[in-house]
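Next come the chains, spelled out residue by residue.
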Amino acid sequence: MAAAKKSRIKAVAMLSGGLDSSLAVKIVADQGIDVVGVNYNTGFCLTDHRRRMAGLGRPQNSGPLRNEALRAGAQWRIPVEIVDISGEYLSIFTEPKHGYGSAVNPCIDCRIFMLRKTRRMMEDLGASFIVTGEVLGQRPMTQMPWTLKLIERESGCGRLILRPLSAKLLPPTLAEEKGWVDREKLYDFQGRSRKPQMALAGRLGLTDYPQPAGGCCFLTDKNYARRVRDLFEHSGKESLSAAQVLRLKVGRHFRLNSRAKAIVGRNEGENLFLKDNAEGTFVLDCPEVPGPLTLVEGKPLPEDVELAAGIAARYSDGREREQVKIEVASPDGGHRVICVPPLGSPRADKMRI
Ligand code: SF4
């Protein structure tokens, strides 16, 4: 009788599909709770990006190309909803109330935003609490005792959040107090070592999960952050478009001057990606020799476009020629062909962002 009552309790789990959140889901599901996973697409997920690049015919590396949240959901037999928050997320990224981490990662605001969404989903589904894979002390920005509290408070989720991996080190939450989950069957993991989680994964039969050490978010990447800061400085945050942010993910970037920058594709996949996201830019192509697709964004003067053409020529198979022919398509639909000498390395390297 008691078991039947317990099985009606539902929880929504924030599921990235990494080791920690996969374990958290399994621990709670094993206590007879109906768990529904939610996975948020911020637009900055490295794995999603790699999958997209692979779809363009050129995987950037040999990393996993599947959606890890769906993989975890399939393994534990729980439904997973993928929610696209990339549009709304732009303002979190540009104006985080709690600032950035070591790169341009607004992790505190990000967690608050996602938890608010999860709470709404919890209410819509008639679920009773929220599960996360957070581990006390694992991440300096969001998983210290005081930041956990701050995030609980500002998200409005408070004691609704159960963190099964560290629950024994934290005050009892609603799910424990109500007896929906047995606190004794939760864990006391803390710190950056993943060894306890790996051992638990072994015990639970979880062998197929992404490497815990791998980065998963563009916003924590130092190279990406450098490009973001350059864009904020020269274009401002207010008029930032989604396409501009997308373009930061690929290619070689060159700051030509305060008016304009150039982005040069590094392979066929990046050329296609840039072509798909060329909105508002000058598009430069090499018609006579194999070469990169190059975009010029900002408010370039004709000499800026020629400078970018010189950079494009440098990365083309015509780099040893005196002149390389470059086709230029402008945002207003104009079209012209110019011949430029490939730009020398020292000058181009100086402009590299
Ligand atoms: S690394 Fe930070 S900004 Fe990126 S998804 Fe995680 S919490 Fe959000």
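What counts, and at which threshold
Residues numbered from 1 in each chain as written. Predicted model: local features only at pLDDT ≥ 70, side-chain atom pairs only at ≥ 80, totals over all residues. Helix = DSSP H or I, 4+ residues; strand = E, 2+ residues; numbered from the N terminus. Buried ≥ 20, exposed ≤ 12 C-beta atoms within 10 Å, placed from the backbone. Contact = placed C-beta atoms within 7 Å. Pairing = 2+ DSSP bridges. Axes fitted to C-alpha atoms, helices over the stretch in contact; angles between N-to-C directions. Core = buried A, V, L, I, M, F, W, Y, C linked by C-beta atoms within 7 Å. Domains from an automatic or database assignment.

Engineer: I keep staring at the overall build of the protein and nothing clicks. Help me out?
Structural biologist: The helix and strand inventory of the protein stands at 14 helices and eleven strands. Expressed as lengths along the three principal axes of its C-alpha atoms, the size of the protein is roughly 85 × 35 × 35 Å. When burial is assessed residue by residue, the protein has 41% of its 353 residues classed as buried. A separation threshold of at least 6 residues defines the contact pool for the protein, and within that pool the share at least 24 residues apart is 66%.

Engineer: Could you clarify how one ought to interpret the pairing of strand S7 (residues 260–264) in this entry?
Structural biologist: Regular strands have side chains that alternate between both faces of the sheet. When you tally the buried positions in S7, you get five out of five residues, the bulk of the element. Residues Ala260, Ala262 and Val264 of S7 are buried on one face, and the alternating residues Lys261 and Ile263, pointing to the opposite face, are buried as well. The sheet contact formed by strand S6 (residues 252–255) and S7 spans four bridges and is antiparallel. Within the sheet, the bridge partner assigned to Arg255 lies in S7 and is Lys261. With antiparallel pairing between neighbouring strands as the criterion, S6 and S7 make up a hairpin whose turn holds four residues. Across five bridges, the pairing between S7 and strand S9 (residues 294–298) is antiparallel. The residue bridging Ile263 from the neighbouring strand is Leu295, located in S9.

Engineer: How do you make sense of the sheet that holds S6 when you look at a structure like this?
Structural biologist: What links the strands of a sheet is backbone hydrogen bonding, and the strands pair in either a parallel or an antiparallel sense. Taken together, six strands build an open sheet; the order of strands is S6-S7-S9-S8-S10-S11 and the sheet is antiparallel. Of all the strands in the sheet, just S6 and strand S11 (335–340) have a single pairing partner and so form its edges. The average undirected angle you get between the axes of adjacent strands in this sheet is 25°. Bridging between strand S8 (residues 282–285) and strand S10 (residues 324–329) involves three bridges; their strand directions are antiparallel.

Engineer: When you look at the nonpolar core in this model, what are you seeing that I'm missing?
Structural biologist: Nonpolar side chains tend toward joint burial in soluble globular proteins. Residues Ala11, Ala13, Val25, Val28, Ile130, Val131 and Leu162 are the most contacted members of the largest nonpolar core, which totals 51 residues. The set of elements that each furnish at least two residues to this core consists of strand S1 (10–14), helix H2 (19–29), strand S2 (34–41), helix H4 (68–76), helix H6 (107–125), strand S4 (129–131), helix H7 (145–155) and strand S5 (161–162). Top contributing element to this core by residue count: H6, with eight residues. Filtering out sequence-adjacent residues up to four positions away, Val131 remains in contact with Ala11, Ala13, Ala24, Val25, Val28, Val35, Leu162 and Pro164.

Engineer: Would you mind showing me how to read the domain arrangement of the protein here?
Structural biologist: For interface size, the figure often reported is the accessible area lost on association. Split by domain assignment, the protein resolves into domain 1 (2–218) and domain 2 (221–351). Between the C-alpha centres of domain 1 and domain 2 there is a distance of 38 Å. Every contact between the two is made by twelve residues of domain 1 and, on the other side, 15 residues of domain 2. Where the side of domain 1 that touches domain 2 is concerned, the elements lending two or more residues are helix H3 (46–55) and helix H5 (86–94).

Engineer: Looking at this structure, I do not really get the environment of Gly101. What am I missing?
Structural biologist: With respect to the element layout, Gly101 can be found in the loop between H5 and H6. Classification of Gly101 as partly exposed rests on a count of 19 C-beta atoms within 10 Å. In sequence terms Gly101 and His49 are 52 residues apart; their C-alpha atoms lie 22 Å from each other. If near-sequence neighbours (up to four positions away) are discounted, Gly101 is found in contact with Cys107, Met141 and Thr220.

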